[in-house]
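What follows is the residue order along each chain.
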Amino acid sequence: MSSVSSINRATATKSLGLSFAVGTYALAFGASSIAAGFTVLQTSLLSLLLFSGASQFAVIGVIGAGGTALTAIATSTLLGFRNALYGIVMTPLLQVKGFKRVIAAQVTIDESTGVALGEEQLGTDAQRHCFWLTGFGVFFFWNTFTLIGSLSASAISNPAEWGLDAAVPAAFIALVWPRLKTRNDIYLALAATALALLTTPIFPAGLPIIATAGLAVLLGDRKSTRLNSSHGYISYAVFCLKKK
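Residues numbered from 1 in each chain as written. Predicted model: local features only at pLDDT ≥ 70, side-chain atom pairs only at ≥ 80, totals over all residues. Heavy atoms only, no water.

Student: Outline the overall build of the protein, listing residues and values.
Tutor: Across its full length, the protein holds 14 helices and zero strands. The order of α-helices and β-strands along the protein, N terminus first, is α-α-α-α-α-α-α-α-α-α-α-α-α-α. Buried positions account for 44% of the 244 residues belonging to the protein. The contacts of the protein with a sequence gap of at least 6 include a subset with a gap of at least 24, amounting to 76%. Entry remark: accessible area of the protein is about 12,000 Å², with carbon and sulfur atoms responsible for 68%. (Helix = DSSP H or I, 4+ residues; strand = E, 2+ residues; numbered from the N terminus. Buried < 20%, exposed > 50% of the residue type's maximum accessible area, 1.4 Å probe, protein only. Contact = heavy atoms within 4.5 Å. Areas by Shrake-Rupley, 256 points an atom, 1.4 Å probe, with all protein chains shown as cover.)

In structure tokens:
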């Protein structure tokens, strides 16, 4: 495999290991999607086409709670906005054109970007290979485990009785926890939680998460993009828990 031979074995192992670990989260997504009323085909298409874990959980959570498609799209877009920022950073490094640019956009995610930027000492070519190896690795395992999770859940008469719907808020808590690294992070997460608690009983499904976007502007650290999605994660977890 050319990408593996162009980078050291340790880096390739890290990329593939990370890809597999991230992919296993899709088991929860597949099961939760079925519990929310989606079919196996719809669930698989979400992973194939949207391919953004947080955004996918947002879609099934909002729709499953009775929200509209427009609200689900707005919420998932908010949570996935950071990918657009990654694209700006990665464009000069990847230097792709035409259809390859479309493929690159699809696999521009947290993991592919993080691994590529973290291997700067290996040189530009190795960074590109890290990006593609990690991006395609996550894509393969994410879609594989999505199918396994959805097929397993569809074999159960009522997935909600098994508590599979609780995987959605649990996943968002797992996403936000590693991001709370500074005092400002914690304050913003608490503020988002409070706003979600106050607005969930009043606003239609999905709008409480959108409402917390203003907190990133008012309270967030303007020098860091880490919290642009963190406040959405924590408020969405609260929203899901209150809907149970």
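Student: Kindly report on the pattern of salt bridges, identifying the contributing residues and their values.
Tutor: Following the criterion strictly, the structure yields two salt bridges and no others. A salt bridge links lysine 14 to glutamate 119, with the nearest nitrogen and oxygen atoms 2.6 Å apart. Linking lysine 14 in helix α2 (residues 9–35) with glutamate 119 in the loop between α8 (110–118) and α9 (124–154), this pair joins segments that are 105 residues apart in sequence. When its relative accessible area of 44% is taken as the criterion, lysine 14 is described as partly exposed. Residue glutamate 119 is classed as buried on the basis of its relative accessible area of 4%. The shortest N-O distance in the salt bridge between arginine 128 and aspartate 125 comes to 2.9 Å. Residue arginine 128 and its partner aspartate 125 are both found in helix α9; the two are separated by three residues, about one turn of the helix. (Salt bridge = Lys/Arg side-chain N within 4 Å of Asp/Glu carboxyl O.)

Student: Outline a nonpolar patch on the surface, listing residues and values.
Tutor: Where nonpolar side chains cluster on the molecular surface, the patch consists of Leu41, Leu45, Leu48 and Leu49 and spans about 400 Å² of accessible area. Mapped onto the fold, leucine 49 is located in helix α3 (residues 40–50). (Patch = residues over 30% accessible without salt bridge, like charges linked within 9 Å, V, L, I, M, F, W, Y side chains within 5 Å.)

Student: Describe α3, listing the residues and the values that go with them.
Tutor: By the burial criterion, the buried members of α3 are Thr43, Ser44, Leu46 and Ser47. Considered in projection along α3, the buried side chains sweep an arc of 150 degrees and stay on one side of the axis. Residues of α3 that are exposed and angled more than 90 degrees away from the buried face: Leu41 and Leu49. Tucked into the core, α3 has its buried residues touching α2, α4 (53–64) and α9. (Arc of directions from axis to C-beta.)

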